[in-house]
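Spelled out, the chains give:
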Amino acid sequence: MLDKLKEIETTALAALEKVQDESALEAWRVTYLGRSSALMNLFGALGALSKEERPRLGQAANQVKKALEAAFADRAAALKAAALQRSLAGERLDVTLPGRPLPRGRLHPDTQTLREIYRVFGEMGFQVYRAREVETDEYNYQLLNFPIGHPARDMQDTYFLEAEGRGDNPLLLRTHTSPGQIRSMREFSAMNPADPPPVRIILPGMCYRYEQVTTRHETQFDQVEGLAVGPGITFSDLKGTLADFARRMFGQSVRTRFRASHFPFTEPSAEFDVECFLCGGTGCGVCKGAGWLEIGGCGMVHPVVLQNGGYDPARYTGFAFGLGPQRIAMLRHRIEDIRYFWQNDLRFLEQF
Ligand code: FA5
């Protein structure tokens, strides 16, 4: 039996030498250490031996089993290390290769200008109020003193969304941010109808007009409306606010001017111009020889509009303005054509 044990050990170790991969190793384990292996059968046969022989042979069989198990563990570790070496050699990573550049996005020039405008008015104590883009005829025109059929409506034609069953009050895309004046005043005055709080807000947002597209006119554009209402607000407050805005936006030396104009919802009304950045006021192609560029309309809130917003015109006055951020961005960056803004051409957008 001792010879048999010796033979099992020698054969098993010789076979283990030839094992080259994990599946062969597993087959070896089943053959030499598995339940029906010759070694395990020998353990089974121990019971039939005499009392004297049993411990000696049992010990010898255990030693062979331990030796085979240790050889198996060594071989398994050696195969694992060899596999690791192979994969390291085969899948080498060159960490010195330069990485692929990631394109970085940026803010649209319109957004950049809008944020700059918010910052300047924020410093002056104006809060941002968001009003809706889909409006009714009543808010976009009627409550702002554009009665049905009034010729001033011709200057601000729009896209109608729903007219059926709505009589004189169709749904439309707003032509300006001014309907937000009524919405905000109504919201503020509802808080305390007997003594409405003062208002100092800007109302930014997209506007739409059905009109001829030119280098300075789009069918879709942003406006930033401003509204200040309180006791004793005067036209000089309006002038001071807008002139200060222009200085903070375009530089301390910029000159500004107000030209008399007409809007149905302000009285008196004015257009607000800044000096042409290109020619410094002498007249050029950008300002069409005028030396000035118009960036918005303004005026003192009409008493009827105050009334429609829930503010008693006998106690309150206010000023309002409507600026065109695209025109302001054009001025700051010397952009010659407003149509570049929504074309999404990266050659344009990547310049800002
Ligand atoms: C208005 O829309 C008035 N609601 C402004 C206002 C508000 C006056 C409060 C008084 C008190 P106007 O149509 O002029 O006014 O437009 C104001 C500004 O919006 C213009 O100066 C211009 O900068 C911009 N704007 C108007 N139409 C277009 C357009 N089609 N494309 C791009 N910008 C435009």
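These numbers come from a predicted model, not from an experiment.

1. Looking at the packing of aromatic side chains
Piece 1. Under the defined criterion, the tally for this structure stands at 18 aromatic pairs.
Piece 2. Ring centres of phenylalanine 121 and phenylalanine 126 lie 5.4 Å apart, and the angle between their planes is 70 degrees; on these two criteria the pair is classed as edge-to-face.
Piece 3. Look at phenylalanine 126 and you get buried, because its relative accessible area is 8%.
Piece 4. A centroid spacing of 5.1 Å and a plane angle of 85 degrees characterise the contact between tyrosine 311 and tyrosine 316, whose relative ring orientation is edge-to-face. Of the two residues, tyrosine 311 and tyrosine 316, both sit in the buried class.
Piece 5. By way of ring pairs, the aromatic residues Phe121, Phe126, Phe245, Phe319 and Phe321 are connected into one cluster.

2. A word on the site of the ligand
Piece 1. Not every one of the 26 residues close to the ligand is listed here, only the nearest: His176, Ser178, Arg209, Glu211 and Glu218.
Piece 2. Here glutamate 294 contributes a side-chain N or O atom positioned 3.1 Å from an oxygen atom of the ligand.
Piece 3. Backbone polar atom of glycine 296 to an oxygen atom of the ligand: 3.5 Å apart, as the coordinates give it.
Piece 4. Expressed as a share of its isolated accessible area of 670 Å², the protein-covered part of the ligand is 95%.
Piece 5. For the shell around the ligand, the elements supplying multiple residues, two or more each, are strand 6 (220-230), strand 9 (292-301) and strand 10 (317-323).
Piece 6. The element that contributes the greatest number of residues to the shell around the ligand is strand 9, accounting for 5 residues.
Piece 7. Tallied by class, residues from the shell around the ligand come to 8 nonpolar, 11 polar and 7 charged.

3. Notes on the pattern of salt bridges
Piece 1. Applying the stated rule across the entire model yields 17 salt bridges.
Piece 2. For glutamate 123, the salt bridge is made with arginine 248, and the minimal N-O distance between the two is 2.7 Å. Of this pair, glutamate 123 sits in helix 5 (residues 109-123) while arginine 248 sits in helix 8 (residues 235-250), placing them 125 residues apart in sequence.
Piece 3. The partner of aspartate 273 in a salt bridge is arginine 257, and the shortest N-O contact between them spans 2.9 Å. Of this pair, aspartate 273 sits in strand 8 (residues 266-275) while arginine 257 is found in strand 7 (residues 256-263), placing the two residues 16 residues apart along the sequence.
Piece 4. What makes arginine 257 partly exposed here is its relative accessible area of 29%.
Piece 5. A cluster of three or more residues bridged by salt bridges with shared partners is formed by Glu116, Arg119, Glu123, Asp244, Arg247 and Arg248.

4. Things to note about the sheet that holds strand 6
Piece 1. Taken in spatial order, the 7 strands make up an open sheet running 1-5-6-10-9-8-7, and their pairing is mixed. Of all the strands in the sheet, the pair left with one neighbour each is strand 1 (127-128) and strand 7.
Piece 2. Here 2 bridges tie strand 1 to strand 5 (residues 199-208), and the two strands are oriented parallel to one another. Each bridged residue has a counterpart across the sheet, and for valine 128 the counterpart in strand 5 is isoleucine 202.
Piece 3. Of the strands in this sheet, strand 1, strand 5, strand 6 and strand 10 touch helix 5, which is tilted by about 5 degrees from strand 6.
Piece 4. Of the strands in this sheet, strand 7, strand 8, strand 9 and strand 10 are in contact with helix 8, which crosses strand 10 at around 30 degrees.

5. Structural notes on the sheet that holds strand 4 (residues 171-173)
Piece 1. Reading across the sheet, the 3 strands line up as 2-4-3 and stay open at both edges, with antiparallel pairing between neighbours. Looking at strand neighbours, the two that pair on one side only are strand 2 (134-136) and strand 3 (160-162), the edges of this open sheet. Each strand axis lies, on average, 40 degrees off the axis of its neighbour in the sheet, ignoring direction.
Piece 2. Here strand 3 pairs with strand 4 via 2 bridges, running antiparallel. Among the inter-strand pairings, glutamate 162 is bridged to a residue of strand 4, identified as leucine 171.

6. Some details on helix 7 (residues 179-191)
Because each turn of an α-helix spans 3.6 residues, side chains separated by three or four positions in sequence point in the same direction.
Piece 1. A rise of 1.5 Å per residue sets the reference length of helix 7, with its 13 residues, at 18 Å; its end C-alpha atoms lie 19 Å apart and thus fit the reference within 8%.
Piece 2. Of all the residues in helix 7, the buried ones are Pro179, Gly180, Gln181, Ile182, Arg183, Ser184, Met185, Phe188 and Ser189.

7. Some words on helix 10 (residues 325-333)
Piece 1. Within helix 10 the residues assigned to the buried category are Pro325, Gln326, Ile328, Ala329, Met330 and Leu331.
Piece 2. Downstream of helix 10 by one or two residues, arginine 334 has phi in the positive range, about 55 degrees.

8. A closer look at the domain arrangement of the protein chain
Piece 1. By the assigned domains, the protein chain splits into domain 1 (2-90) and domain 2 (109-349).
Piece 2. Using only C-alpha atoms to locate each centre, domain 1 and domain 2 end up separated by 91 Å.

9. Regarding the packing of helix 2 (residues 22-33) against helix 4 (residues 53-90)
Packed helices, taken two at a time, are described by their axes: the angle between them and the distance between them.
Piece 1. Where helix 2 meets helix 4, the closest approach of the two axes is 11 Å, and the angle between their N-to-C directions is 175 degrees. As the angle between them shows, helix 2 and helix 4 are arranged roughly antiparallel. Residues Glu22, Leu25, Trp28, Arg29, Tyr32 and Leu33 of helix 2 lie in contact with helix 4, whose contacting residues are Lys65, Leu68, Glu69, Phe72, Arg75, Ala76 and Leu79.
Piece 2. Residue composition of the contact of helix 2 with helix 4, grouped by class: 8 nonpolar, no polar and 5 charged.

Criteria and cut-off values
- Residues numbered from 1 in each chain as written.
- Predicted model: local features only at pLDDT ≥ 70, side-chain atom pairs only at ≥ 80, totals over all residues.
- Heavy atoms only, no water.
- Phe/Tyr/Trp six-rings, centres within 6.5 Å; stacked < 30°, edge-to-face > 60°.
- Buried < 20%, exposed > 50% of the residue type's maximum accessible area, 1.4 Å probe, protein only.
- Near = heavy atom within 4 Å.
- Polar contact = N/O pair within 3.5 Å; in protein donor to acceptor, adjacent residues only side chain to side chain.
- Areas by Shrake-Rupley, 256 points an atom, 1.4 Å probe, with all protein chains shown as cover.
- Helix = DSSP H or I, 4+ residues; strand = E, 2+ residues; numbered from the N terminus.
- Nonpolar A, V, L, I, M, F, W, Y, C, P; charged D, E, K, R; others polar.
- Salt bridge = Lys/Arg side-chain N within 4 Å of Asp/Glu carboxyl O.
- Pairing = 2+ DSSP bridges.
- Contact = heavy atoms within 4.5 Å.
- Axes fitted to C-alpha atoms, helices over the stretch in contact; angles between N-to-C directions.
- Expected span 1.5 Å × (residues − 1).
- Domains from an automatic or database assignment.
- Parallel < 35°, antiparallel > 145°, perpendicular 65-115°, else oblique.

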